[in-house]
Amino acid sequence: GNSLEVKEAIATLNGHGPEDFSFICTELASNMLFLAKKGSMAKCRAMVKNSLESGAALNTLIKMVKAQGGNEQLILNPDLFKKAKFEREIISPKEGYISSVDTEGYGIASLLLGAGRNTKEDVIDYSAGVILKKKTGDYVKKGDVLAVLYTDKQELFDSSEQKFLQSTHFGVAQPEKRPLILARVK
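As the structure is a computational prediction, the values presented were derived from the model and not from experiment.

About the criteria used
- Residues numbered from 1 in each chain as written.
- Predicted model: local features only at pLDDT ≥ 70, side-chain atom pairs only at ≥ 80, totals over all residues.
- Heavy atoms only, no water.
- Buried < 20%, exposed > 50% of the residue type's maximum accessible area, 1.4 Å probe, protein only.
- Helix = DSSP H or I, 4+ residues; strand = E, 2+ residues; numbered from the N terminus.
- Contact = heavy atoms within 4.5 Å.
- Phe/Tyr/Trp six-rings, centres within 6.5 Å; stacked < 30°, edge-to-face > 60°.
- 1 Å grid on protein atoms, 1.4 Å probe; cavity = no way out; pocket = protein on both sides within 12 Å on 5 of 7 lines; lining within 4 Å.
- Points joined across faces, edges and corners; volume = space filled by probe spheres on them.
- Nonpolar A, V, L, I, M, F, W, Y, C, P; charged D, E, K, R; others polar.

K.L.:
How do you make sense of helix H1 (residues 3–13) when you look at a structure like this?
P.N.:
Of the residues making up H1, those classed as buried are Ser3, Leu4, Ile10 and Thr12. Looking at the buried positions of H1, the neighbouring elements they touch are helix H2 (19–35), helix H3 (41–54), helix H4 (56–67), helix H5 (73–76), strand E3 (129–132) and strand E5 (145–151). Just downstream of H1, Gly15 is the residue with a positive phi angle, here 85°.

See below:
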(Lines give C-alpha, C1' and ligand atoms only; values in the text may rest on other atoms or scores of the structure.)
Protein backbone atom coordinates (compact mmCIF):
# COMPACT_ATOMS: atom_id res chain seq x y z
CA GLY A 1 0.00 0.00 0.00
CA ASN A 2 0.90 3.66 -0.12
CA SER A 3 2.91 4.87 2.87
CA LEU A 4 -0.01 6.76 4.47
CA GLU A 5 -2.09 3.55 4.48
CA VAL A 6 0.77 1.46 5.82
CA LYS A 7 1.44 3.99 8.57
CA GLU A 8 -2.23 3.85 9.57
CA ALA A 9 -2.07 0.04 9.69
CA ILE A 10 1.07 0.18 11.86
CA ALA A 11 -0.59 2.70 14.19
CA THR A 12 -3.58 0.37 14.46
CA LEU A 13 -1.35 -2.58 15.35
CA ASN A 14 0.21 -0.36 18.01
CA GLY A 15 -3.21 0.48 19.45
CA HIS A 16 -3.29 4.05 18.10
CA GLY A 17 -5.30 3.66 14.91
CA PRO A 18 -8.55 5.41 14.09
CA GLU A 19 -11.41 3.99 16.16
CA ASP A 20 -13.53 2.92 13.18
CA PHE A 21 -10.64 1.25 11.34
CA SER A 22 -9.45 -0.49 14.52
CA PHE A 23 -12.96 -1.84 15.13
CA ILE A 24 -13.24 -3.21 11.58
CA CYS A 25 -9.80 -4.84 11.76
CA THR A 26 -10.55 -6.43 15.13
CA GLU A 27 -13.88 -7.78 13.90
CA LEU A 28 -12.37 -9.16 10.69
CA ALA A 29 -9.55 -10.87 12.56
CA SER A 30 -11.97 -12.26 15.16
CA ASN A 31 -14.23 -13.62 12.43
CA MET A 32 -11.29 -15.27 10.68
CA LEU A 33 -10.33 -17.02 13.91
CA PHE A 34 -13.95 -18.03 14.47
CA LEU A 35 -14.19 -19.49 10.96
CA ALA A 36 -10.98 -21.39 11.68
CA LYS A 37 -12.80 -22.89 14.68
CA LYS A 38 -10.49 -21.32 17.29
CA GLY A 39 -13.37 -20.76 19.70
CA SER A 40 -16.47 -18.67 20.33
CA MET A 41 -16.64 -15.14 18.95
CA ALA A 42 -16.00 -13.82 22.46
CA LYS A 43 -12.90 -16.01 22.77
CA CYS A 44 -11.70 -14.99 19.30
CA ARG A 45 -12.13 -11.29 20.11
CA ALA A 46 -10.12 -11.84 23.30
CA MET A 47 -7.38 -13.56 21.27
CA VAL A 48 -7.21 -10.59 18.88
CA LYS A 49 -7.18 -8.09 21.75
CA ASN A 50 -4.36 -10.02 23.44
CA SER A 51 -2.39 -10.21 20.18
CA LEU A 52 -2.63 -6.44 19.79
CA GLU A 53 -1.86 -5.61 23.41
CA SER A 54 1.08 -8.01 23.64
CA GLY A 55 2.66 -6.76 20.41
CA ALA A 56 2.33 -10.19 18.77
CA ALA A 57 0.26 -8.78 15.89
CA LEU A 58 2.88 -6.11 15.14
CA ASN A 59 5.68 -8.69 15.42
CA THR A 60 3.87 -10.86 12.86
CA LEU A 61 3.82 -7.92 10.43
CA ILE A 62 7.53 -7.36 11.02
CA LYS A 63 8.24 -11.05 10.29
CA MET A 64 6.11 -10.91 7.12
CA VAL A 65 7.90 -7.80 5.84
CA LYS A 66 11.30 -9.31 6.60
CA ALA A 67 10.39 -12.65 4.94
CA GLN A 68 9.46 -10.77 1.76
CA GLY A 69 12.75 -8.87 1.69
CA GLY A 70 11.29 -5.62 3.02
CA ASN A 71 12.83 -3.23 5.50
CA GLU A 72 11.38 -4.05 8.91
CA GLN A 73 12.87 -0.82 10.29
CA LEU A 74 10.03 1.01 8.53
CA ILE A 75 7.54 -0.92 10.66
CA LEU A 76 9.46 -0.20 13.85
CA ASN A 77 9.82 3.49 12.93
CA PRO A 78 7.18 4.61 10.39
CA ASP A 79 8.72 8.10 10.32
CA LEU A 80 11.37 6.55 8.05
CA PHE A 81 8.83 6.32 5.20
CA LYS A 82 9.37 8.87 2.44
CA LYS A 83 7.27 11.94 3.08
CA ALA A 84 5.47 13.88 0.36
CA LYS A 85 7.20 17.13 -0.57
CA PHE A 86 3.97 19.10 -0.26
CA GLU A 87 0.83 19.04 1.84
CA ARG A 88 -2.33 21.12 1.76
CA GLU A 89 -5.18 21.35 4.21
CA ILE A 90 -8.70 21.27 2.81
CA ILE A 91 -10.72 23.88 4.67
CA SER A 92 -14.46 23.50 5.15
CA PRO A 93 -16.36 26.05 3.07
CA LYS A 94 -19.51 25.55 5.20
CA GLU A 95 -20.77 24.96 8.69
CA GLY A 96 -22.89 21.93 9.47
CA TYR A 97 -22.76 18.18 9.70
CA ILE A 98 -21.00 16.07 7.12
CA SER A 99 -24.15 14.26 6.05
CA SER A 100 -22.56 11.96 3.48
CA VAL A 101 -19.50 11.51 1.30
CA ASP A 102 -18.95 10.08 -2.14
CA THR A 103 -16.21 7.56 -1.34
CA GLU A 104 -15.43 7.01 -5.01
CA GLY A 105 -14.89 10.77 -5.30
CA TYR A 106 -12.52 10.65 -2.34
CA GLY A 107 -10.62 7.86 -4.09
CA ILE A 108 -10.42 9.92 -7.26
CA ALA A 109 -9.15 12.90 -5.24
CA SER A 110 -6.34 10.65 -3.97
CA LEU A 111 -5.69 9.34 -7.49
CA LEU A 112 -5.39 12.93 -8.74
CA LEU A 113 -2.55 13.44 -6.25
CA GLY A 114 -0.60 10.56 -7.81
CA ALA A 115 -1.59 7.87 -5.28
CA GLY A 116 -2.88 5.57 -8.02
CA ARG A 117 -2.87 5.00 -11.76
CA ASN A 118 -5.15 6.22 -14.55
CA THR A 119 -3.24 4.02 -16.99
CA LYS A 120 -0.86 1.12 -16.49
CA GLU A 121 2.02 3.38 -17.57
CA ASP A 122 1.41 5.91 -14.77
CA VAL A 123 3.92 5.95 -11.93
CA ILE A 124 2.52 5.83 -8.39
CA ASP A 125 3.70 8.38 -5.85
CA TYR A 126 3.75 6.18 -2.74
CA SER A 127 3.85 9.21 -0.44
CA ALA A 128 0.70 10.76 -1.98
CA GLY A 129 -2.76 10.50 -0.52
CA VAL A 130 -5.40 11.97 1.74
CA ILE A 131 -5.70 11.92 5.52
CA LEU A 132 -9.24 12.59 6.73
CA LYS A 133 -9.61 14.90 9.71
CA LYS A 134 -13.43 14.86 9.69
CA LYS A 135 -15.81 12.03 8.78
CA THR A 136 -19.49 11.48 8.09
CA GLY A 137 -21.54 12.59 11.09
CA ASP A 138 -18.98 15.10 12.34
CA TYR A 139 -20.06 18.69 12.92
CA VAL A 140 -17.73 21.19 11.26
CA LYS A 141 -17.45 24.93 11.33
CA LYS A 142 -16.54 27.00 8.31
CA GLY A 143 -12.74 27.08 8.30
CA ASP A 144 -12.22 23.69 10.00
CA VAL A 145 -9.75 21.31 8.40
CA LEU A 146 -11.60 18.48 6.63
CA ALA A 147 -8.55 16.63 5.33
CA VAL A 148 -4.89 16.97 4.42
CA LEU A 149 -3.65 16.24 0.90
CA TYR A 150 -0.12 14.94 0.27
CA THR A 151 1.81 14.86 -3.02
CA ASP A 152 5.21 15.49 -4.58
CA LYS A 153 3.66 17.68 -7.30
CA GLN A 154 2.15 20.90 -6.01
CA GLU A 155 0.25 21.49 -9.27
CA LEU A 156 -1.98 18.48 -8.48
CA PHE A 157 -3.61 20.06 -5.43
CA ASP A 158 -6.31 22.18 -7.08
CA SER A 159 -8.04 19.37 -9.01
CA SER A 160 -7.80 16.99 -6.04
CA GLU A 161 -9.20 19.54 -3.59
CA GLN A 162 -12.05 20.39 -5.96
CA LYS A 163 -12.98 16.70 -6.34
CA PHE A 164 -12.78 16.18 -2.57
CA LEU A 165 -15.06 19.13 -1.82
CA GLN A 166 -17.54 18.05 -4.53
CA SER A 167 -17.64 14.65 -2.81
CA THR A 168 -18.37 16.04 0.67
CA HIS A 169 -22.02 16.80 1.44
CA PHE A 170 -23.20 18.97 4.33
CA GLY A 171 -26.51 19.13 6.18
CA VAL A 172 -28.08 20.93 9.11
CA ALA A 173 -29.09 17.76 10.96
CA GLN A 174 -26.75 15.11 12.26
CA PRO A 175 -27.15 12.03 10.07
CA GLU A 176 -28.23 8.79 11.65
CA LYS A 177 -25.22 6.77 12.71
CA ARG A 178 -24.98 3.63 10.61
CA PRO A 179 -23.28 0.47 11.81
CA LEU A 180 -19.83 -0.19 10.38
CA ILE A 181 -20.71 -3.85 9.85
CA LEU A 182 -24.08 -4.59 8.31
CA ALA A 183 -24.03 -8.39 8.46
CA ARG A 184 -21.80 -11.39 8.99
CA VAL A 185 -21.64 -14.38 6.70
CA LYS A 186 -21.98 -17.58 8.69
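From this point, the narrative continues.
K.L.:
I would appreciate a short explanation of the packing of aromatic side chains in the present structure.
P.N.:
In this description, an aromatic ring pair is defined by two values, namely the gap between the centres and the angle between the planes. Counted according to the given criterion, the structure contains two aromatic pairs. Aromatic pair Tyr97 and Tyr139: ring centres 5.0 Å apart, planes at 70°, arrangement edge-to-face. Of this pair, Tyr97 sits in strand E2 (residues 96–101) while Tyr139 is found in strand E4 (residues 139–140), placing the two residues 42 residues apart along the sequence. We classify Tyr139 as partly exposed; its relative accessible area is 38%. Residues Tyr106 and Phe164 carry aromatic rings whose centres are separated by 4.1 Å and whose planes lie at 15° to one another, so their mutual orientation is stacked. With a gap of 58 residues between them, Tyr106 in helix H6 (residues 103–115) and Phe164 in helix H7 (residues 157–166) connect regions that are remote in the sequence.

K.L.:
Mind showing me how you'd approach the layout of surface pockets here?
P.N.:
Remark: the empty space left among the atoms is shown by a probe the size of a water molecule rolled over them. There is about 1,800 Å³ of room inside the largest pocket. If you trace the largest pocket, you find 44 residues lining it, with Pro18, Asp20, Phe21, Leu132 and Lys135 closest to the centre. Elements supplying a minimum of two residues to the lining of the largest pocket: H1, H2, E2, H6 and E3. Here the element with the most residues in the lining of the largest pocket is H1; it accounts for six residues. In this model, the second largest pocket occupies a volume close to 510 Å³. Of all elements in the fold, only H1, H2, H3 and H4 reach the threshold of two or more residues within the lining of the second largest pocket. The element best represented in the lining of the second largest pocket is H2, accounting for seven residues. Grouping the constituent residues of the lining of the second largest pocket by class yields 13 nonpolar, seven polar and no charged.

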